[in-house]
Amino acid sequence: MRLKEPTKELVEEYRRQFEHKNRADEEAIKELLKIFPDNTDYKAVLLKSIVINTLYSTQIRAIKNVARNIFELDIDAQVRQGAPQVVDQTPQLTIRREERRNYSLATKYCSFHNPSSYPIYDSIVDKVLKAYQRQDRFSSLPLGDLKDYRRFKEVLEEFVNFYKDLGRPRWRDLDYFLHDYGREKFAK
């Protein structure tokens, strides 16, 4: 299966499709962030976590524990600065003696607070990036673990730099393309 070469036009097409299907969801989260821009109130963090978990189907059952973790980490200054390590800190939780990593939710949570600094990771994006790497070798290095947030951002930068017709898309627009194109290509 040959993947389409990413271009500005293709990314824009997927952005329009996503916004057409999900406009109300995106606007609801943005409105919530206007009301609760910070993470200094546990109830606000819980509400934002529940909404993102539900609308983005991250399937976290212990969302109260994740929200408590986000609240206790005091992440606001780091998120405003775009510090990548906050993503790796945010999702780590132990539930019933089992370490659980809620990485996808952490990238989404940070992205909604600072979209220009935090691209969104999920398993579909991971799969499509690895498929492009196999097809075109956009990175000179192995992609490695994309659940290492610094590496994930490096890989996205390499992806954007390799495909010259892509321009410099916003992280959210690139996510719309990678996620929805990947979903089409790798539907179960």
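Since this is a predicted model, take the numbers as computed values, not measurements.

Asker: Tell me about the packing of helix H1 (residues 8-35) against helix H2 (residues 42-55), residues and numbers included.
Answerer: Two elements in contact, H1 and H2, have axes separated by 11 Å at closest approach and are oriented at 170°. By the angle class used here, H1 and H2 are roughly antiparallel. Between H1 and H2, the residues in contact are Asp 25, Ile 29, Leu 32 and Leu 33 and Leu 47, Lys 48, Val 51, Ile 52 and Leu 55, respectively.

Asker: Account for the side chain of Thr 58, with residues named and values stated.
Answerer: Summarising the element assignment, Thr 58 is placed in the loop between H2 and helix H3 (63-73). Assessed through its relative accessible area of 15%, Thr 58 is described here as buried. Residues in contact with Thr 58, not counting those within four places in the same chain, are Asn 53, Ser 104, Leu 105 and Lys 108.

Asker: Report on H3, specifying residues and quantitative values.
Answerer: Along an α-helix, a turn takes 3.6 residues, which lines up residues three or four apart on a common side. Burial in H3 covers these residues: Ile 63, Val 66, Ala 67, Asn 69 and Ile 70. An end-on view of H3 places all buried positions within 155° of arc, on one side of the element. Residues of H3 that are exposed and point over 90 degrees away from its buried face: Lys 64 and Glu 72.

Asker: Talk me through the packing of H1 against helix H9 (residues 171-185); I want residue IDs and the actual numbers.
Answerer: Axes are the key here: two packed helices are described by the angle between their axes and the distance separating the axes. At their nearest, the axes of H1 and H9 sit 8 Å apart, and the two run at 95° to each other. If you check the angle between H1 and H9, you find them roughly perpendicular. In contact with Leu 10, Val 11, Tyr 14, Arg 15, Gln 17, Phe 18, Glu 19, Lys 21 and Glu 26 of H1, H9 contributes Arg 172, Asp 173, Leu 174, Tyr 176, Phe 177, Asp 180, Tyr 181 and Glu 184.

Parameters at a glance
Residues numbered from 1 in each chain as written. Predicted model: local features only at pLDDT ≥ 70, side-chain atom pairs only at ≥ 80, totals over all residues. Heavy atoms only, no water. Axes fitted to C-alpha atoms, helices over the stretch in contact; angles between N-to-C directions. Helix = DSSP H or I, 4+ residues; strand = E, 2+ residues; numbered from the N terminus. Parallel < 35°, antiparallel > 145°, perpendicular 65-115°, else oblique. Contact = heavy atoms within 4.5 Å. Buried < 20%, exposed > 50% of the residue type's maximum accessible area, 1.4 Å probe, protein only. Arc of directions from axis to C-beta.

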